[in-house]
Amino acid sequence: MNSDETTSPGLELRAVFGYASDRGLRREQNEDSLIAADPIFAVADGMGGHEAGEVASSICVRTLGDASFVGESLPKIGAADLRILLQEADTHIREATGGRAGTTLTGAVLVQDAGIPSWLVFNVGDSRTYRLVDGLLEQISVDHSEVQELVDMGQITPEEALIHPRRHVVTRALGTGNDTEADYWLIPAEPGDRLLVCSDGLTGEVSDGQLQEILLSEANPQDACAAMVQAALRSGGRDNITVLVVDLEGARSDSAAAVTPAVVEPEPATGFSEH
């Protein structure tokens with residue numbers, strides 16, 4: 001388990017996080033990457049077939065890690081600032097792969113908006129960001145995928161989407177395709193918040209109900225991440241699985257948590273597979 005500590009006028013906040021990433025049972029390599037460095041928490045799921053999807057996700061999280069606000073407590077940034085950063089990541093990926101590899105990206109930045117601590121949530125693709133609120137798990141991000149469009153049109157049910165043959169086809173991504181725009185949400189941040197950020201290797205195997213149950217039963221964020229990865233593996237582990245859980249706490253007056261950022265990138269691989 002790792003922890004970051006952020007403060008704002010009149011309120012001291014402590015973000016405690018855990019993370020886990022697994023290749024899964026059927027993939028030759030792990031193309032997922034993640035970053036957990038105050039104040040940004042995000043997961044990128046690389047894709048590219050015969051190109052290196054892991055290159056795309058690695059470039060993405062490294063670009064986020066180089067942002068000027070990393071290490072700053074509750075920066076005063078908004079969606080426009082984050083949009084510029086994601087455009088930079090998109091450009092870097094295209095330069096490195098020729099547009100033949102891309103990545104999804106989702107997560108949140110703990111920012112200050114009008115003096116109020118807030119989560120600036122962002123999403124491109126079908127990785128997801130959730131928030132546990134009053135014991136209920138709420139999906140904040142909206143999937144950019146073919147099956148989500150079919151669900152929205154009423155042509156298939158959410159349950160059918162889980163097993164649809166085109167469930168891995170995304171309609172937006174960084175580094176490839178014509179649509180790279182992210183969606184953004186600004187949500188007040190409160191002590192007691194618990195965020196779940198994950199790749200579709202988790203949500204494709206484990207239902208929201210199961211995820212909610214694990215998040216409620218495992219108080220330690222690292223234990224919650226480990227339990228969710230194991231649940232996905234037990235369900236088949238057909239894709240890479242990456243999980244990041246962030247708890248926002250009112251810091252104790254005697255606490256002095258060290259900032260321990262995490263950037264997890266894929267291992268070099270010899271083979272490639274479709275997302």
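Just so it is clear, the model here is predicted, and its values are computed rather than measured.

### A short note on the overall build of the chain
Thought 1: Along its length, the chain carries seven helices and twelve strands.
Thought 2: Here the chain holds 275 residues, and 55% of them are scored as buried.
Thought 3: By element, 48% of the accessible surface of the chain is carried by carbon and sulfur atoms, the whole surface being about 11600 Å².

### A short note on the pairing of strand 4 (residues 40–47)
Thought 1: The buried fraction of strand 4 is high, at eight of eight residues.
Thought 2: A two-sided burial pattern is seen for strand 4, the buried positions comprising Ile-40, Ala-42, Ala-44 and Gly-46 on one face and Phe-41, Val-43, Asp-45 and Met-47 on the other.
Thought 3: Alignment of strand 3 (residues 32–37) against strand 4, held across six bridges, turns out to be antiparallel. Counterpart to Asp-32 in the pairing with strand 4 is Asp-45.
Thought 4: Joining the antiparallel neighbours strand 3 and strand 4 is a turn of two residues.

### A few points about the confidence of the model for the chain
Thought 1: Of the residues in the chain, 85% have a pLDDT of 70 or more, and the chain-wide mean is 86.
Thought 2: Confidence over residues 268–275 falls short of pLDDT 50; this stretch has 25 contacts with residues more than four positions distant or in other chains.

### Section: the pattern of salt bridges
Thought 1: Considering all chains together, one arrives at eleven salt bridges under this definition.
Thought 2: Residue Arg-128 is joined to Asp-208 by a salt bridge in which the shortest nitrogen-to-oxygen separation is 4.0 Å. Of this pair, Arg-128 sits in strand 7 (residues 128–133) while Asp-208 sits in helix 6 (residues 208–217), and the two are 80 residues apart along the sequence.
Thought 3: If you follow the salt bridges from partner to partner, you end up with Arg-128, Asp-143 and Asp-208 in one network.

### Overview of the packing of aromatic side chains
Thought 1: Per the stated rule, a full pass over the model turns up two aromatic pairs.
Thought 2: Grouped by ring-pair contacts, the aromatic residues Phe-17, Tyr-19 and Phe-41 constitute a single cluster.

### Regarding the nonpolar core
Thought 1: If you look at the biggest cluster of nonpolar residues, it comprises 26 residues, and the most contacted ones within it are Leu-64, Phe-69, Leu-105 and Val-109.
Thought 2: Counting only elements with at least two residues in this core, the list comes to strand 3, strand 4, helix 1 (53–65), helix 2 (79–97), strand 5 (102–113) and strand 6 (116–124).
Thought 3: The element contributing the most residues to this core is helix 1, with five residues.
Thought 4: With residues up to four places along the chain from it excluded, the contact list for Leu-64 reads Ile-35, Ile-40, Ala-42, Val-70, Leu-85, Leu-86 and Leu-105.

### Some remarks on the packing of helix 6 against helix 7 (residues 221–234)
Thought 1: In the contact formed by helix 6 and helix 7, the axes pass within 9 Å of each other and the chain directions differ by 150°. Taken together, the axis directions place helix 6 and helix 7 in an arrangement best described as roughly antiparallel. The two elements helix 6 and helix 7 meet at a crossing, and its hand is right-handed. Across the interface between the two elements, Leu-211, Ile-214 and Leu-215 from helix 6 touch Ala-224, Ala-227, Met-228 and Ala-231 from helix 7.
Thought 2: Broken down by class, the residue content of the contact of helix 6 with helix 7 amounts to seven nonpolar, no polar and no charged.

### A look at helix 1
Thought 1: Between the first and last C-alpha of helix 1 there are 19 Å, a value that for 13 residues agrees with the 18 Å anticipated at 1.5 Å per step.
Thought 2: Within helix 1, ten of the 13 residues are buried, which leaves it mostly tucked inside the rest of the structure.
Thought 3: Taken as a whole, helix 1 has its buried residues at Gly-53, Glu-54, Ala-56, Ser-57, Ser-58, Ile-59, Cys-60, Val-61, Thr-63 and Leu-64.

### Comments concerning the side chain of Ser-33
Thought 1: With respect to the helices and strands, the residue Ser-33 is situated in strand 3.
Thought 2: The exposure class assigned to Ser-33 is buried, which follows from its relative accessible area of 1%.
Thought 3: One polar contact links Ser-33 to Ser-57, side chain to side chain, over a distance of 2.8 Å.

### Points about the state of the cysteines
Thought 1: Within this structure, the stated rule accounts for zero disulfides.
Thought 2: No disulfide involves Cys-198; its nearest neighbouring cysteine sulfur is the one of Cys-225, lying 9.8 Å away.

### Quick word on helix 7
It helps to recall that an α-helix has 3.6 residues per turn; residues three or four apart then point in one direction.
Thought 1: In this model, helix 7 (14 residues) spans 20 Å end to end at C-alpha, consistent with the 20 Å of a helix rising 1.5 Å per residue.
Thought 2: Of the residues making up helix 7, those classed as buried are Pro-221, Ala-224, Cys-225, Met-228, Val-229, Ala-231, Ala-232 and Leu-233.
Thought 3: A distance of 2.8 Å separates the backbone nitrogen of Gln-222 from a side-chain oxygen at the start of helix 7, and that oxygen is part of Asn-220.
Thought 4: One or two positions beyond helix 7, positive phi appears at Gly-236, with a value near 135°.

What counts, and at which threshold
Residues numbered from 1 in each chain as written. Predicted model: local features only at pLDDT ≥ 70, side-chain atom pairs only at ≥ 80, totals over all residues. Heavy atoms only, no water. Helix = DSSP H or I, 4+ residues; strand = E, 2+ residues; numbered from the N terminus. Buried < 20%, exposed > 50% of the residue type's maximum accessible area, 1.4 Å probe, protein only. Areas by Shrake-Rupley, 256 points an atom, 1.4 Å probe, with all protein chains shown as cover. Pairing = 2+ DSSP bridges. pLDDT = per-residue confidence, 0-100. Contact = heavy atoms within 4.5 Å. Salt bridge = Lys/Arg side-chain N within 4 Å of Asp/Glu carboxyl O. Phe/Tyr/Trp six-rings, centres within 6.5 Å; stacked < 30°, edge-to-face > 60°. Core = buried A, V, L, I, M, F, W, Y, C linked by side-chain atoms within 4.5 Å. Axes fitted to C-alpha atoms, helices over the stretch in contact; angles between N-to-C directions. Parallel < 35°, antiparallel > 145°, perpendicular 65-115°, else oblique. Left-handed = near helix turned anticlockwise from the far one by under 90°. Nonpolar A, V, L, I, M, F, W, Y, C, P; charged D, E, K, R; others polar. Expected span 1.5 Å × (residues − 1). Polar contact = N/O pair within 3.5 Å; in protein donor to acceptor, adjacent residues only side chain to side chain. Disulfide = S-S within 2.5 Å.

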